[in-house]
Amino acid sequence: MNYMGDSAWWRDRFKSRKLEIMDHEKCLEEDMPYFPFKGKILDIACGDGRNSIYLARLGYEVLAVDFCEEAINRLTYFANRENLNIRTRIVDLSQDSLNTLEEKFDAIIINHYKPTPRLLKDFEDIQNKNGLLWVNGFRTIPFDNPNVKKSDIMLEEEFELLDKNVLLDKRFYEINQREFVRYIWRIQA
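Residues numbered from 1 in each chain as written. Predicted model: local features only at pLDDT ≥ 70, side-chain atom pairs only at ≥ 80, totals over all residues. Heavy atoms only, no water.

### Focus on the state of the cysteines
Right, on to step 1. Here the structure, examined in full by the defined rule, presents 0 disulfides.
Right, on to step 2. Cysteine 27 takes part in no disulfide bond, and the closest cysteine sulfur, belonging to cysteine 46, lies 17 Å away.
Right, on to step 3. For cysteine 27, a relative accessible area of 4% translates into the label buried.
Right, on to step 4. Unpaired in terms of disulfides, cysteine 68 finds its nearest cysteine sulfur in cysteine 46, a separation of 9.4 Å. (Disulfide = S-S within 2.5 Å. Buried < 20%, exposed > 50% of the residue type's maximum accessible area, 1.4 Å probe, protein only.)

Spelled out as structure tokens, the structure:
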């Protein structure tokens, strides 16, 4: 896997951070009316869990997956500190199928990671009927982050494989001159 960096880059990035949870994505909070009132949520490429923590605080059952052991260790620390029950798993999305999770989810979130076509199909297979897929990421390469490559940019046509889903909403927004796009789909099958 090499989204913005390889496994050593991500390990070092998480090790160098202060042991404090970052704020969750503000647009996730704004999008909560789309989410089921309760249920199971899968947080893909969760990092050290800022969105998983937010969702668990709201009462959701969360499974958080990432390929970086250091990130998962940090998430476990943050969850334990708040007495939150967040399940975690180390999953390399470039090699592993999400079907091995052997469960279905009411919502899947993916933040700042561009899913491959294979993963898009996996998402459909592990969503409950009327499940939600929330995807948020870069729309353009930020001028101040050379680690983001053209291949990391979210392009709408790349999500055409989500043929069992209906696009509920798409939003373009900016934070500090960084341009993002957020998509919300609902599975219909």
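### What to know about unusual backbone geometry
Right, on to step 1. For histidine 112, which is not glycine, the phi dihedral falls at a positive 55 degrees.
Right, on to step 2. The class for histidine 112 is buried, based on a relative accessible area of 18%.
Right, on to step 3. Not every positive phi belongs to a glycine, and asparagine 176 is a case in point at roughly 50 degrees.
Right, on to step 4. Mapping asparagine 176 onto the fold places it in the loop between β6 (165-175) and β7 (178-187). (Helix = DSSP H or I, 4+ residues; strand = E, 2+ residues; numbered from the N terminus.)

### Focus on the confidence of the model for the protein chain
Segments scoring low in pLDDT should not have their predicted coordinates read at a detailed level.
Right, on to step 1. Averaged over every residue, the pLDDT of the protein chain is 87; residues scoring 70 or more account for 92%.
Right, on to step 2. Across the protein chain, the element-wise mean pLDDT spans from 67 in helix α1 (residues 7-16) up to 98 in helix α3 (residues 50-57). (pLDDT = per-residue confidence, 0-100.)

### Describing the sheet that holds strand β2 (residues 61-66)
Right, on to step 1. If you walk across this open sheet you meet the 7 strands as β3-β2-β1-β4-β5-β7-β6, and the pairing is mixed. A strand with exactly one partner marks an edge of an open sheet, and here the two such strands are β3 (86-90) and β6. In this sheet, adjacent strand axes meet at a mean angle of 15 degrees when their direction is disregarded.
Right, on to step 2. When strand β5 (residues 127-138) meets β7, the two strands line up antiparallel, connected through 7 bridges. The residue of β7 that forms the bridge with leucine 132 is arginine 186. (Pairing = 2+ DSSP bridges. Axes fitted to C-alpha atoms, helices over the stretch in contact; angles between N-to-C directions.)

### Digging into the pattern of salt bridges
Right, on to step 1. Per the counting criterion, the structure on display carries 14 salt bridges.
Right, on to step 2. For glutamate 61, the salt bridge identified is with arginine 87, shortest N-O distance 3.9 Å. Taken together, the residues glutamate 61 in strand β2 and arginine 87 in strand β3 connect sequence positions 26 residues apart.
Right, on to step 3. Judged by its relative accessible area of 40%, glutamate 61 falls in the partly exposed class.
Right, on to step 4. Bridged by salt links that share partners, the residues Lys40, Glu61, Arg87 and Glu103 form one connected network. (Salt bridge = Lys/Arg side-chain N within 4 Å of Asp/Glu carboxyl O.)

### Here's the deal with the packing of aromatic side chains
Right, on to step 1. Enumeration according to the criterion identifies 6 aromatic pairs in this entry.
Right, on to step 2. Against the face of phenylalanine 105 rests lysine 40, its NZ or CZ located 5.5 Å from the ring centre.
Right, on to step 3. Positioned above the aromatic ring of tyrosine 173 is the side chain of arginine 171, whose terminal nitrogen or guanidinium carbon lies 4.8 Å from the ring centre. (Phe/Tyr/Trp six-rings, centres within 6.5 Å; stacked < 30°, edge-to-face > 60°. Lys NZ or Arg CZ within 6 Å of the ring centre and 35° of its normal.)

### Some thoughts on the environment of tyrosine 77
Right, on to step 1. When you line up the elements, tyrosine 77 lands in helix α4 (residues 69-81).
Right, on to step 2. By relative accessible area, which is 37% here, tyrosine 77 ends up partly exposed.
Right, on to step 3. Distance in space between the C-alpha atoms of tyrosine 77 and isoleucine 21 is 9.8 Å, their sequence separation being 56 residues.

### Considerations on helix α5 (residues 117-125)
Right, on to step 1. Three or more residues of α5 are buried, namely Leu119, Leu120, Asp122, Phe123 and Glu124.
Right, on to step 2. Residues of α5 that are buried in the fold lie against β1 (40-44), β4 (105-111), β5, β6 and β7. (Contact = heavy atoms within 4.5 Å.)

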